[in-house]
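So you can see what is in the structure, the chains are spelled out below.
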Amino acid sequence: MIKFLMIGYICTVGYMKTEEKCMRIASEMIYFNEEKCLEYVDAYTYEFLDVNQGGKATVEFMCVPTYIIEDILKGVRI
């Protein structure tokens, strides 16, 4: 079974807006379908809307499919 994790990138703009430093963040929560994960992406994107509009930083979220180690060990497949 494919499950999903929410991944986010927070990037700050450097001096003269020429260099960008980014940090990846990951959710500890596992989503059992993509629709639920995308609901949280929309919610977090809304919460960080003011950061993105400020121009000094950008925040972006996405859902990525993943296998869970327990599923692999139990022999659960797609």
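Our structure's up above, just so we're on the same page.
What you see is a predicted model, and the numbers here were worked out from it, not measured in a lab.

Focus on the sheet that holds strand 1 (residues 3-13)
One open sheet holds the three strands; their spatial order is 2-1-3, and the pairing between them is antiparallel. Two strands bound the open sheet, and with one partner strand each, they are strand 2 (20-26) and strand 3 (57-66). Each strand axis lies, on average, 20° off the axis of its neighbour in the sheet, ignoring direction. Direction of pairing for strand 1 relative to strand 2: antiparallel, over a ladder of seven bridges. Residue pairing for strand 2: Tyr9 is matched across the bridge by Arg24.

Let's talk about the side chain of Ser27
Mapped onto the secondary structure, Ser27 falls in the loop between strand 2 and helix 1 (34-47). Accessibility expressed as a relative area gives 19% for Ser27, which makes it buried. Of the polar contacts made by the side chain of Ser27, one reaches the backbone nitrogen of Met29; its length is 2.9 Å.

Re the packing of aromatic side chains
Evaluation of the coordinates by the stated rule reveals three aromatic pairs. Between Tyr31 and Tyr40 the ring centres are 5.3 Å apart and the planes differ by 45°, which places this aromatic pair in the tilted class. When its relative accessible area of 31% is taken as the criterion, Tyr40 is described as partly exposed. Look at Tyr44 and Phe61: their rings are 5.7 Å apart centre to centre, the planes differ by 40°, and that puts the pair in the tilted class. One end of the pair, Tyr44, is in helix 1; the other, Phe61, is in strand 3, with 17 residues separating them in the sequence. Exposure remark for Phe61: the relative accessible area of 11% places this residue in the buried category.

Reading the values: rules and limits
- Residues numbered from 1 in each chain as written.
- Predicted model: local features only at pLDDT ≥ 70, side-chain atom pairs only at ≥ 80, totals over all residues.
- Heavy atoms only, no water.
- Pairing = 2+ DSSP bridges.
- Helix = DSSP H or I, 4+ residues; strand = E, 2+ residues; numbered from the N terminus.
- Axes fitted to C-alpha atoms, helices over the stretch in contact; angles between N-to-C directions.
- Buried < 20%, exposed > 50% of the residue type's maximum accessible area, 1.4 Å probe, protein only.
- Polar contact = N/O pair within 3.5 Å; in protein donor to acceptor, adjacent residues only side chain to side chain.
- Phe/Tyr/Trp six-rings, centres within 6.5 Å; stacked < 30°, edge-to-face > 60°.

By themselves these figures say nothing about function.
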